[in-house]
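# Structural features, examined
The residues making up each chain are set out below.
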Amino acid sequence: MKKEIVSAIMASVSDVDMLTNDRIEALTKGHGMLNIAAICTANTIAQEVLRGTQLKLTDENVQYLPIDTVLKKAIDTAELAGADPANAALIAATLCYFAGSNAQAGVPAGNRKLGAMARMIAGVDRCGVLAIPTAKVNNRISGYAAVKALYDDIFDNKVSRIDGSILPLGVGGGPLYGHGALGEDVAFPELAKNGAASGTRGMLKAYANVGMPPSPIMAAIFGAAAILEIVHPDSEVAEEYGEIFKANSAYLAGMGAVEAAGLPEKLHIRGTSEEYDTARLVGDLGVILKDIGGPSVVGMIAFEEMLSAFEESLAIGAGFSGGPLQPPLGHMTADAVLAMKVLIESKGDLEKAADKIKEIKENFWLEPEFAKVATNTISRKAEQVNRGPVTKAMILATDGAVTKAVYDRAKFTYDQLKNGNELDEIVRMLDDEKLENVENACGHLFSQMTGKDIVIKITSYKGCARRKPNDFLMKYCGFDTDANVEVTVDGEKVVFEGLSHKVIPDAVINKKQDLLEAIPLAAVPVVELQLCGHTIINIIVPAAVAATLTDIPPKDIAEKAVTGAYISSAIPGAIPRAEEVANRARKIMSEF
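Structural notes, computed from the coordinates. (Residues numbered from 1 in each chain as written. Predicted model: local features only at pLDDT ≥ 70, side-chain atom pairs only at ≥ 80, totals over all residues. Heavy atoms only, no water.)

## Concerning the overall build of the protein
Looking only at helices and strands, the protein has 25 helices and 7 strands in total. Its C-alpha radius of gyration of 26 Å places the protein within 12% of the 25 Å reference for a compact globule of 592 residues. Once the C-alpha set of the protein is aligned to its principal axes, its extents read approximately 95 × 55 × 40 Å. Buried positions account for 57% of the 592 residues belonging to the protein. Considering only residue pairs separated by 6 or more positions, the protein has 72% of its internal contacts joining residues 24 or more positions apart. Surface accessibility of the protein: about 24300 Å² in total, with carbon and sulfur atoms responsible for 52%. The averaged location of the 76 negative side-chain charges in the protein is 4 Å from the averaged location of its 59 positive side-chain charges. (Helix = DSSP H or I, 4+ residues; strand = E, 2+ residues; numbered from the N terminus. Rg over C-alpha atoms; globule rule 2.2 N^0.38 Å. Buried < 20%, exposed > 50% of the residue type's maximum accessible area, 1.4 Å probe, protein only. Contact = heavy atoms within 4.5 Å. Areas by Shrake-Rupley, 256 points an atom, 1.4 Å probe, with all protein chains shown as cover. Lys, Arg positive; Asp, Glu negative; His and termini not counted. Charge placed at Lys NZ, Arg CZ, Asp CG, Glu CD.)

Spelled out as structure tokens, the structure:
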């Protein structure tokens, strides 16, 4: 192999920060997102589970359970990665739940709830569901929508038939009610199911009315959490809902919320196919959320992205780090859940876990190569904070893809430069290939989904769609993107001219249903391109090769490479990274 290619490869992978335009150094202290905190916490929890630590909550008459120690270690790890105590508590509790813990146990003495335990260990105050925000999807709402809708229905007497004002003395607050037919067969089931449905509907309406796509799974969890602040949260219920100790009011809250949100009865973890009863999942996460402290928007982003580890993530509205789009590196929380669960299932077998993670990446993403590189980048960055089996498995699963991706681009650039092509032309060729791959992948995906022959072509992709032209927007078309797309369905062509600034506003504001149904065919490939600043190997690798073959100053090399990167340079940051990689490549070459 040519020494120039070797030098370029080594320089390109010598620092993970150089592989992306995302500000992942900031992520190590929680600035912007908390996915690194989640990945590091998954490392800690996986180590404890594989060591044999018991995660189950029980009502034992002891001061501490093993789960207390696990939660303390997990919270400390999340805080080390920049999470504030409330967000650390949420991340730790949710990951412990996915690792096998139950959400609650015992009533009344010895009563334990996972969210409350995490909150107390973290040393934060409870804030109540109404103050908890949703994840940001451009905008965000809060649990206030669920609480308001619930209380509106309570005031309208739509939630329960029981009139507490006529309960006889000795009945209202005691076991004749709480452990008898009136409570367990009538009051608690009605409150749980009807109240959760009310809160869920309130969330769905609030999502839509502030211009956000409603998230059925998050609306359901908030709806369940809201009523579980009112109804006896761990009461037993009538036998028609299940055996004693297997069905309680939280489960029924989940049932009511799931039905109101239109969620499927079962969900499955991607890769392992582990099945979850959706009602139980929603009820359990509602119990956790109602007791947790005051997580922030970024904490809730991490929470929602964990739910995108389910195969049904797109249908239930659970983030987008589970594919098929490759999101910015700050969103990649699903990988933490997937890797942790695969590791636990394989009893710590890194090879099996890595093979499964690789398989998941290859089967659920539009661009498997870039998805693997992105996973490798964020897991290596997480290891700078806290190492463990989760990151080891993620790296082992993706090292080969990174090596091949970098080698292919180094070899291509070397050959093209030797043939007399300019660096910016070479980078443009690589981005042209990326564009074609995205078009083909989306066409194939939608053809499979619809049973029709769908061909997608992005005929124009640039910046400055609606603003006054300026250097920034012309360079970085991840903003104000001007895209024209042609979609051919069974031979019939539809043209979307000005997708972002003309077609989408017209369809949404004027409620043009035919356009709304067709827009995803054009929107998905364009969004994949807009987000591609997460991996800039099309820029830094050619810059590194150019540095080994020429005497051009590294800064000039970097600027020329970015000039050709009409897709990969979606957001600012590539020039200093390409310059640094070019410098490193030249220094490495000097050792040969």
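## What to know about the environment of Thr 20
By secondary structure assignment, the location of Thr 20 is in the loop between helix H1 (3-13) and helix H2 (24-27). By relative accessible area, which is 0% here, Thr 20 ends up buried. Measuring from C-alpha to C-alpha, the distance between Thr 20 and Arg 126 comes to 38 Å, with 106 residues separating the pair along the chain. Apart from residues lying up to four places away in sequence, Thr 20 is in contact with Leu 329, Thr 377, Gly 533, His 534, Thr 535, Ile 536 and Arg 577. Among the polar contacts made by the side chain of Thr 20, one reaches the main-chain carbonyl oxygen of His 534 at a distance of 2.9 Å. (Polar contact = N/O pair within 3.5 Å; in protein donor to acceptor, adjacent residues only side chain to side chain.)

## Observations regarding the pairing of strand S7 (residues 492-496)
Where strand S6 (residues 482-489) and S7 come together, 5 bridges link them in antiparallel fashion. Within S7, the position partnered with Thr 488 by the bridge is Lys 493. Where S6 folds back on S7, the antiparallel hairpin that results is connected by 2 residues, among which Asp 490 adopts a positive phi of roughly 50°. (Pairing = 2+ DSSP bridges.)

## Overview of unusual backbone geometry
Backbone torsion omega between Gly 323 and Pro 324 reads 0°, so that peptide bond is classified as cis. The phi angle at Asn 138 is positive, at roughly 70°, despite the residue not being glycine. Its place among the elements puts Asn 138 in the loop between helix H6 (114-122) and helix H7 (144-155). Even without being a glycine, Asn 157 presents a positive backbone phi close to 60°. Relative to the elements of secondary structure, Asn 157 occurs in the loop between H7 and helix H8 (175-178).

## Some details on the packing of aromatic side chains
The description of an aromatic ring pair uses the distance of the two centres, along with the angle that the planes make with each other. This structure, assessed with the given rule, holds 8 aromatic pairs. Note on Tyr 151 and Phe 155: the rings are 6.3 Å apart at their centroids and 50° apart in plane angle, and the pair reads as tilted. Of the two residues, Tyr 151 and Phe 155 both sit in helix H7, 4 residues apart, roughly one turn of that helix. Judged by relative accessible area, Tyr 151 falls into the partly exposed class, the value being 36%. Ring pairs connect the aromatic residues Tyr 97, Phe 98, Tyr 276 and Phe 310, which therefore count as one cluster. The ring centre of Phe 370 lies 3.7 Å from the NZ or CZ of Lys 434, which sits over that ring. (Phe/Tyr/Trp six-rings, centres within 6.5 Å; stacked < 30°, edge-to-face > 60°. Lys NZ or Arg CZ within 6 Å of the ring centre and 35° of its normal.)

## Some remarks on the pattern of salt bridges
For the structure on display, the rule yields 29 salt bridges. For Glu 274, the salt bridge identified is with Lys 341, shortest N-O distance 3.1 Å. One end of the pair, Glu 274, is in the loop between strand S3 (266-268) and strand S4 (275-277); the other, Lys 341, is in helix H15 (residues 334-345), and 67 residues separate them in sequence. Given the relative accessible area of 7%, Lys 341 is considered buried. When the shortest N-O distance is used, the salt bridge between Lys 290 and Asp 291 registers 2.8 Å. Linked through salt bridges whose partners overlap, the residues forming this network are Asp 15, Glu 580 and Arg 584. (Salt bridge = Lys/Arg side-chain N within 4 Å of Asp/Glu carboxyl O.)

## Some words on the packing of helix H5 (residues 85-99) against H6
Here H5 crosses H6 at 145°, and the two axes come no closer than 9 Å. Here the hand of the crossing between H5 and H6 comes out right-handed. Of the residues in H6, those touching H5 at Pro 85, Ala 89, Ala 93 and Tyr 97 are Leu 114, Gly 115, Ala 118, Arg 119 and Ala 122. (Axes fitted to C-alpha atoms, helices over the stretch in contact; angles between N-to-C directions. Left-handed = near helix turned anticlockwise from the far one by under 90°.)

## Points about helix H9 (residues 181-209)
Residues lying three or four places apart along an α-helix face the same way, a consequence of the helix completing one turn every 3.6 residues. In a regular helix each residue adds 1.5 Å, so 29 residues correspond to 42 Å; H9 covers 41 Å between its end C-alpha atoms and thus fits that length. Remark: the principal bend of H9, roughly 35°, maps to Ala 187, with a proline, Pro 189, within the next four residues. Immediately beyond the C-terminal end of H9, within one or two residues, lies Gly 211, with a positive phi of roughly 80°. (Expected span 1.5 Å × (residues − 1). Bend = angle between axes of the 7 residues up to and from the residue.)

## Describing the sheet that holds S6
Spatial strand order, S5-S6-S7: 3 strands in an open sheet with antiparallel pairing. Of all strands in the sheet, those bounded by a partner on one side alone are strand S5 (454-462) and S7. In this sheet, adjacent strand axes meet at a mean angle of 15° when their direction is disregarded. When S5 meets S6, the two strands line up antiparallel, connected through 8 bridges. Bridge pairing in S6 links Ile 458 to Val 485.

## Thoughts on helix H10 (residues 216-228)
For H10, built from 13 residues, the straight-helix expectation of 18 Å at 1.5 Å per residue is met to within 8% by its first-to-last C-alpha distance of 18 Å. Among the 13 residues that make up H10, 13 are buried, leaving the element largely enclosed by the rest of the structure.

## Focus: the environment of Cys 442
Note on placement: Cys 442 falls in helix H19 (residues 423-450). Cys 442 sits in the buried class, given a relative accessible area of 0%. In this structure the C-alpha to C-alpha distance between Cys 442 and Ile 456, which are 14 residues apart in sequence, comes to 7.2 Å. The residues contacting Cys 442, other than those within four sequence positions of it, are Leu 366, Ile 456, Val 524 and Pro 525.

## Details of the packing of helix H3 (residues 35-51) against helix H4 (residues 66-80)
The geometry of H3 relative to H4 is characterised by a closest axis approach of 8 Å and an angle of 155° between their N-to-C directions. As far as their axial angle goes, H4 and H3 are roughly antiparallel. Like other packed secondary-structure pairs, H3 and H4 cross with a definite hand, here right-handed. Contacts between H3 and H4 involve Ala 37, Cys 40, Thr 41, Thr 44, Ile 45, Glu 48 and Arg 51 from the first element and Val 70, Lys 73, Ala 74, Thr 77 and Ala 78 from the second. For the contact of H3 with H4, the class distribution of residues is 6 nonpolar, 3 polar and 3 charged. (Parallel < 35°, antiparallel > 145°, perpendicular 65-115°, else oblique. Nonpolar A, V, L, I, M, F, W, Y, C, P; charged D, E, K, R; others polar.)

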